[in-house]
Amino acid sequence: MSNKASFIKYSDIADFRNGLNFSNESHGKGCLLIGVSDFKDNFAPQWKELEEINPEGIAKDDDYLQKGDIIFVRSNGNKALVGRSLYIDREVPSLYSGFCIRARPISEKIDPLFIAYFSKTDFFKTSISSAAGTNINNLNQGILGEVRIPNYSKNVQSAIIRVLSAIDKKIELNNRINAELEAMAKILYDYWFVQFDFPDANGKPYKTSGGKMVYNPTLKREIPEEWSDKTLSQIANITMGQSPEGSSYNEEGVGTIFYQGSTDFGWLFPSTRQYTTVPSRMAKKGDILLSVRAPVGDMNIANTDCCIGRGLAALNSKTGSDGFLFYVMKYFKKIFDRRNSEGTTFGSITKNDLHSLTLAYPTADLLKKYDYVVTNYNKMIFERSLENRELINLRDWLLPMLMNGQVTVR
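Draft legend 1. Local environment of the pattern of salt bridges. Inspection of the entire model under this criterion finds 16 salt bridges. In this structure, Asp63 engages Arg17 in a salt bridge whose closest nitrogen and oxygen atoms are separated by 2.8 Å. Placement of the pair is Asp63 in the loop between strand 4 (51-53) and strand 5 (70-73) and Arg17 in strand 2 (residues 14-18), with a sequence separation of 46 residues. Among the residues examined, Asp63 registers a relative accessible area of 4% and is labelled buried. Taking relative accessible area as the criterion, Arg17 reaches 27% and is therefore assigned partly exposed. Linked by salt bridges that have partners in common, Asp41, Arg84, Glu251, Asp264 and Arg273 make up one network.

Shown next, in the form of structure tokens:
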């Protein structure tokens, strides 16, 4: 089968529409909202992680997303994000922010899923830059409409989709298993360290079985008798990021891996995109990478030593209890999210705020017991996450060659 093809302009096969701008007063229930921070390196939206808004009086019928739509980042202070895409893979009441553009198919010549994969290629990104005439800072409907898409036969499109989808399905399966394992660890953390129903000396739930609780004036609540209160800086080594000179950044692999913020966060590990020749603040392999700017509280794990910019902090446990620390930070993320949902938006968290976060700190034996269980969960999560990185590399290696005909599918 040959992949030789003519090209067709995007504007000939799709209609475009900009997203809507919403104020803090729109926070509420009723509809999911996709913003720039939800793109990352995802192929489709992570639906369970999206915030909700009340669209009454703002959105029209044509503003809602449909299955088969593709949305692109239209504008962002970080121009590396401009042009990133998400494929709408299901019918869910959802809207997209004013910093995005939606493309909706109007022709049956090109499969929307084929365009979604094509949108992830360097050729697509180059096409945007060429249409704009320079390094693009903003994407508009005119620029997007000028992008040329390979006009392969439907059979060739379907063959390419089958190959890439098979890889993506395996990635998604690994992610679902990882999500279940993480959910188990989070439930255990909540049960033991929030509800205080860890196993007592008789194996029964401590608080429910009448375990002694004492009032802690720092935390302003009761905690188990032998527990204490601690600040985050007492249990974790914390490194606040600092951005090197912008002129030192490159994407050619020269120097040290650099993460400015959560832009390149994946499911567990960040994707390497940028490097710096003058690294400043460093994170070590295995450190928790914490987003300290919106979205505050997002986390990844550093899978290699790396330089971190001002949008991140790096944390590791002072006692080696990194499993416990990881879910402590997941707990704090829930608090940040709750405050956000109440309309108090956290644009950032300062060093002092981060250092002074307080928590109820368990006894050493209970901490050891929790870490033993969670370490086994994390090992399985890490193995699947590493496998996914290999699968993503394979997919990203195949993608351009399938699109330009260097590799064909029989």
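Right, picking up where we left off after that structure.
Draft legend 2. Local environment of the sheet that holds strand 2. Reading across the sheet, the 4 strands line up as 2-8-5-6 and stay open at both edges, with antiparallel pairing between neighbours. A strand with exactly one partner marks an edge of an open sheet, and here the two such strands are strand 2 and strand 6 (85-87). Taking each pair of neighbouring strands and ignoring which way they run, the sheet shows an average axis angle of 20°. One ladder, built from 3 bridges, connects strand 5 with strand 6; its direction is antiparallel. Following the sheet pairing, Phe72 is matched in strand 6 by Ser85.

Draft legend 3. Local environment of the sheet that holds strand 7 (residues 94-96). Taking strand neighbours across the sheet as the criterion, the 3 strands line up as 4-3-7 in an open arrangement whose pairing is mixed. In this open sheet, the two strands that pair with only one neighbour each are strand 4 and strand 7. Each neighbouring strand pair of the sheet contributes to a mean axis angle of 60°, computed without reference to strand direction. Sheet topology places strand 3 (residues 27-34) next to strand 4; 4 bridges connect them, and they run antiparallel.

Each value, and the rule that gives it
For every chain, the first residue of its written sequence is number 1, and the numbers climb from 1 along that sequence. Note on the predicted model: pLDDT of at least 70 is required for a residue's local features to be given, and 80 or more for side-chain atom pairs to be given and counted; whole-chain, interface and lining totals, by contrast, use all residues. Hydrogens and water molecules were not included; the side-chain quantities draw on all heavy atoms of the structure. Criterion for a salt bridge: a side-chain nitrogen of Lys or Arg within 4 Å of a carboxyl oxygen of Asp or Glu. Per the convention used, a helix needs a DSSP run of H or I reaching at least four residues, while a strand needs a run of E reaching at least two, with both numbered from the N terminus. Using a 1.4 Å probe on the protein chains alone, a residue whose accessible area is under 20% of its type maximum counts as buried, one over 50% counts as exposed, and one in between counts as partly exposed. Any two strands with at least two DSSP bridges between them are considered paired. Note on method: axes are straight lines fitted to C-alpha atoms, helices fitted across the in-contact stretch only, with angles between N-to-C directions ranging 0 to 180 degrees.

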